Amino acid sequence: MSENSNIGHLCADKQCEAGLTEHVAFRWLGSRGERMECTFGNLQRETARFANVLDGLGYKAGEVFFTFLPKVPEQFFAFLGSLKMRLITGTLFSNFGGDALLDRLGDCAARGIITRRSFLKKLRPIRDRLPALRHIIAVDVEENEEPGVLSYRSLMGKAAPSFVVPDTDPETPSVLHYSSGSTGKPKGVLHRHRSIGHQRRTAQEVLDLRPDDIYWCTADQGWVTGTSYGIIGPWSLGVTQIHHDGPYDAERWMQILSQEGVTVWYTAPTALRMLMREDDGLFRKFDLSKLRHVCSVGEPLNPEAIHWGRKVLGKEIHDTWWQTETGGIMISNRPGLPIRPGSMGKPVAGIEAAAVASDGTPVPDGQQGNLCLRPGWDSMFISYFNHEDVYRKKFHHGWYFTGDAARRDKDGYFWFVGRTDDVINTAGHLVSPFEVESALLEIDEIVESGVIAAPDDILFEKIVAFVALAKGCQWSTALELKVRMHVANRVSSIATPQEIVVIDSIPKNKSGKIMRRLLKARYTGTDPGDLSTLDA
Amino acid sequence: MSTMEKLAEIIRTVFDDDSVEIGSQTTAHDVDGWDSLSHINLILALESGFNIKFSQKELLTFKNVGDMHDSINAKIALRGDGVGKA
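Small disclaimer: the values here were computed from a predicted structure and weren't measured.

A. Just the overall build of chain A, in detail. Secondary structure assignment for chain A yields 16 helices and 27 strands. The principal-axis extent of the C-alpha atoms belonging to chain A is close to 70 × 55 × 50 Å. Burial statistics for chain A: of 536 residues in total, 51% are counted as buried. When contacts within chain A are restricted to residue pairs at least 6 apart in sequence, those whose partners lie at least 24 apart make up 67%.

And the structure:
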């Protein structure tokens with residue numbers, strides 16, 4: 001009989017079967033100093049209860065369920081419990097605003113969502129526009145306390161602590177993350193239960209996870225790193241994780257690394273660059289001797305960060321490259337591979353990568369090309385939800401085109417060059433210029449908008465918005481604040497423009513498309529190139 | 001309206017949450033959505049609302065709302081018009 005491929009089963013039940021029932025699955029560190037441990041036995045029971053809750057509410061395999069929570073224990077119980085039920089399980093970044101939620105929940109006709117009381121204010125105004133949404137469950141309300149909202153505590157209290165996970169074919173759809181493209185609304189990147197094979201292998205080979213490790217992945221579960229390597233990869237290996245519910249704070253982070261005895265740390269270049277600004281004395285206050293391995297993901301890790309890691313932490317920092325669509329690490333620096341600072345590293349075992357021309361022909365070493373992957377790896381996405389046409393366009397000439405440009409050197413190391421589209425990578429998060437432009441146009445004073453990425457020392461790229469104002473409107477501090485708050489509250493804080501430039505009109509081509517290339521040239525003071533298509 | 005009342009009102013507006021309780025011990029942890037990016041919006045709103053300017057160095061010293069409150073009051077006192085002071 002073949003093994004059940006269900007991610008929920010493999011991350012919880014299988015670990016108990018392997019004798020890890022009393023082993024700590026995670027230590028949760030709350031924002032007010034709370035500390036709680038959860039064993040794999042607890043994880044098995046709580047995920048089983050949540051699967052029973054969903055079963056009792058009438059959910060069927062293939063329906064879509066979302067978590068919309070910060071990094072709290074219920075996030076993990078709900079995510080794995082929903083997967084045990086074979087629901088398509090999505091996670092939403094807790095800072096998403098109403099527009100971002102409506103786009104995502106509406107596109108996939110989500111049936112249910114688990115959240116907390118303070119987030120209900122974002123869901124109430126859009127609930128009428130989500131006819132498929134049957135249930136809102138809140139982790140911190142009592143039964144009948146909020147109209148139309150179910151109490152997690154009440155439901156879990158009545159649910160049985162055991163659940164037989166149905167045999168799950170590896171091709172069964174599993175995790176859903178929305179990712180921004182350069183045009184249109186965010187697309188739902190759909191994965192399958194088979195992805196766990198690649199996530200487990202790379203957690204071993206790249207993150208170097210071993211049974212007795214204490215592992216901390218700082219990513220939020222609203223993003224793919226937070227699920228692939230903040231839930232699935234490490235727990236499929238029975239490794240203890242640290243989950244900290246709190247924002248970036250240099251001193252607190254060092255305290256966690258030291259006091260919790262973290263051995264493997266997976267974080268982001270933006271965080272590392274912020275740490276680099278701290279006085280070296282901060283790091284001398286903490287004993288980081290247990291820290292064995294450090295990895296980074298999100299955007300390219302600049303050589304300065306690697307040199308800083310060697311000098312201040314006494315560690316190599318291993319950059320890894322992958323994206324929501326790939327589901328797991330594709331190209332990386334890792335144990336046994338000498339680091340070339342600034343390089344993405346080499347493809348991991350079983351992954352064929354190349355820099356290719358648009359006709360699919362690999363370009364010579366040293367030359368820039370489209371970064372492509374040979375399709376077929378376990379964690380490859382299986383669709384863009386409702387956008388099969390867009391999905392198919394990503395695959396041609398026998399390759400998956402990632403949207404990134406790179407070059408390969410003669411020794412097989414890959415070097416990131418940039419995006420081949422207008423998508424903005426800010427602090428490791430992809431932001432669609434279209435999404436920000438749309439939000440800007442909702443403001444009465446703005447008649448045109450164009451959004452670009454500009455280089456930034458900390459964020460890698462920052463969002464710069466060009467706006468043309470309505471007749472009679474004057475730019476002011478009050479209007480700037482209105483604009484920033486509107487984008488932050490309707491889309492997310494991540495999408496908030498770092499700079500806003502007022503211009504007379506946004507350059508467009510003859511078919512009305514925003515010429516972001518010209519906006520970039522204007523911002524950076526570089527040659528705008530060919531202007532023949534500009535609609536004068 | 002005291003400085004603390006006005007400060008609380010601005011925080012509620014920036015984070016779009018009328019129900020959040022604000023006191024001198026309140027920190028970013030206590031308010032949903034208060035991250036490093038939305039913090040910039042809050043600083044802009046405070047500067048605009050109180051007609052003051054914070055220095056980069058000052059911003060790094062704020063550990064809670066009480067620190068913000070004290071800094072705002074000090075700036076208002078320096079300005080001499082007393083507007084908005086508790």
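B. Examining the packing of helix α7 (residues 195-205) of chain A against helix α8 (residues 224-236) of chain A more closely. Residue and element names in this part refer to chain A. At a minimum axis separation of 8 Å, α7 and α8 run at an interaxial angle of 80 degrees. Relative to α8, the element α7 lies roughly perpendicular. Contacts from Ile196, Gln199, Arg200, Thr202 and Ala203 in α7 reach Ser228, Tyr229, Ile232, Gly233, Pro234 and Ser236 in α8. Residues belonging to the contact of α7 with α8 are distributed by class as follows: five nonpolar, five polar and one charged.

C. Focus on the sheet that holds strand β9 (residues 187-192) of chain A. Pairing in this open sheet of eight strands is mixed, and the strands run β7-β6-β5-β3-β4-β8-β9-β19 (chain A) from one edge to the other. Sheet topology places β7 (150-151) and β19 (383-384) of chain A at the edges, where each strand pairs with a single neighbour.

D. Examining the confidence of the model for chain B more closely. All names here are of chain B. Of all residues in chain B, 92% attain a pLDDT of 70 or more, and the chain-wide mean is 85. Averaged pLDDT values over the elements of chain B bottom out at 79 in helix α3 (residues 56-61) and peak at 92 in helix α1 (residues 3-14). Both scores are given for the predicted complex: the pTM is 0.88, the ipTM 0.76.

E. Quick look at the pairing of strand β17 (residues 353-356) of chain A. Residues and elements named next belong to chain A. In β17, alternate side chains face the same way, and those of Ala353 and Ala355 are buried while those of Ala354 and Val356 on the opposite face are not. Here β17 pairs with strand β18 (residues 368-373) via four bridges, running antiparallel. Its bridge partner being in β18, alanine 354 is matched across the sheet by cysteine 372.

F. View of the domain arrangement of chain A. Residue and element names in this part refer to chain A. Along its sequence, chain A is organised into domain 1 (7-405) and domain 2 (424-524). Between the C-alpha centres of domain 1 and domain 2 there is a distance of 29 Å. Facing 23 residues of domain 1, the contacting portion of domain 2 comprises 22 residues. Among the secondary structure elements, those contributing two or more residues to the side of domain 1 that touches domain 2 are α4 (98-107) and α10 (269-276). Among the elements that make up the side of domain 1 that touches domain 2, the one with the highest residue count is α10 (four residues).

G. Spotlight on the pairing of strand β1 (residues 24-29) of chain A. Residue and element names in this part refer to chain A. Pairing of β1 with strand β2 (residues 35-39), which is carried by five bridges, proceeds in the antiparallel orientation. Each bridged residue has a counterpart across the sheet, and for valine 24 the counterpart in β2 is threonine 39. Hairpin connection, β1 to β2: the antiparallel pair is bridged by five residues, and glycine 33 has positive phi, about 90 degrees. Sheet topology note: the β1/strand β11 (residues 240-244) ladder contains four bridges and is parallel. Counted as the bridge partner of arginine 27 is isoleucine 242 from β11.

H. Just the nonpolar core, in detail. Residue and element names in this part refer to chain A. If you look at the biggest cluster of nonpolar residues, it comprises 164 residues, and the most contacted ones within it are Met330, Val436, Ile463 and Ala465. No other element matches the seven residues that helix α2 (residues 40-56) contributes to this core. Both of domain 1 (7-405) and domain 2 (424-524) provide at least three residues apiece to this core. Setting aside its immediate chain neighbours within four residues, alanine 465 contacts Val436, Leu440, Ser449, Val451, Pro497 and Ile500.

I. Up close: the interface of chain A and chain B. Counting residues at the interface gives 20 residues for chain A, matched by 15 residues for chain B. Sorting elements by how many residues they give to the side of chain A that touches chain B places helix α15 (residues 477-490) of chain A first, with eight residues. Along the lines of polarity and charge, the residues of the side of chain A that touches chain B split into eight nonpolar, eight polar and four charged.

J. Local environment of the sheet that holds β2 of chain A. Residues and elements named next belong to chain A. Strand order in this open sheet of nine strands is β2-β1-β11-β10-β12-β13-β14-β15-β16, and the pairing throughout is mixed. Only two strands of the sheet have a single neighbouring strand rather than two, namely β2 and β16 (346-347). In this structure, strand β10 (residues 214-217) lies alongside β11, joined through three bridges in parallel fashion. Bridging from a neighbouring strand, isoleucine 214 pairs with threonine 240 of β11. α2 contacts β1 and β2 of the sheet and is inclined by roughly 80 degrees relative to β2.

K. Helix α9 (residues 250-259) of chain A, seen in detail. Residue and element names in this part refer to chain A. The set of residues buried in α9 consists of Trp253, Ile256 and Leu257. The buried residues of α9 occupy an angular sector of 95 degrees when projected down its axis, which confines them to one face. The outward face of α9, more than 90 degrees from its buried face, is lined by the exposed residues Glu251 and Gln259. Considering only its buried residues, α9 is in contact with β1, β10, β11 and β12 (264-267). Just downstream of α9 lies glycine 261, where phi reads positive at about 65 degrees.

L. Representation of helix α12 (residues 303-313) of chain A within the structure. Where α12 of chain A is concerned, the buried positions are Ala305, Ile306 and Gly309 of chain A. Buried residues of α12 of chain A fall within an arc of 105 degrees about the axis and therefore sit on the same side.

M. Broad picture of unusual backbone geometry. All names here are of chain A. Of note, the phi angle at histidine 397 is positive, near 55 degrees, even though the residue is not glycine. Assignment of secondary structure puts histidine 397 in the loop between β20 (395-396) and β21 (399-408). A tally of 12 C-beta atoms within 10 Å means that histidine 397 is categorised as exposed. Located in the positive-phi region is phenylalanine 460, a residue other than glycine, with phi close to 75 degrees. Mapped onto the elements of the fold, phenylalanine 460 is located in strand β26 (residues 460-469).

N. Seen up close, the environment of alanine 465 of chain A. Mapped onto the elements, alanine 465 of chain A comes out in strand β26. Put simply, alanine 465 of chain A and methionine 36 of chain A are 429 residues apart on the chain and 43 Å apart in space, counted from C-alpha to C-alpha.

O. Spatial organisation of the environment of glycine 41 of chain A. Residues and elements named next belong to chain A. Position of glycine 41 among the secondary structure elements: in helix α2. By the C-beta count within 10 Å, which is 16 here, glycine 41 ends up partly exposed. Separated by 18 residues in the primary sequence, glycine 41 and histidine 23 place their C-alpha atoms 7.9 Å from one another. Each residue touching glycine 41, except ones within four places of it in the same chain, is listed here: Cys16, Thr21 and Glu22.

Rules of the game
- Residues numbered from 1 in each chain as written.
- Chains lettered and ligands numbered in written order.
- Predicted model: local features only at pLDDT ≥ 70, side-chain atom pairs only at ≥ 80, totals over all residues.
- Helix = DSSP H or I, 4+ residues; strand = E, 2+ residues; numbered from the N terminus.
- Buried ≥ 20, exposed ≤ 12 C-beta atoms within 10 Å, placed from the backbone.
- Contact = placed C-beta atoms within 7 Å.
- Axes fitted to C-alpha atoms, helices over the stretch in contact; angles between N-to-C directions.
- Parallel < 35°, antiparallel > 145°, perpendicular 65-115°, else oblique.
- Nonpolar A, V, L, I, M, F, W, Y, C, P; charged D, E, K, R; others polar.
- Pairing = 2+ DSSP bridges.
- pLDDT = per-residue confidence, 0-100.
- Domains from an automatic or database assignment.
- Core = buried A, V, L, I, M, F, W, Y, C linked by C-beta atoms within 7 Å.
- Arc of directions from axis to C-beta.

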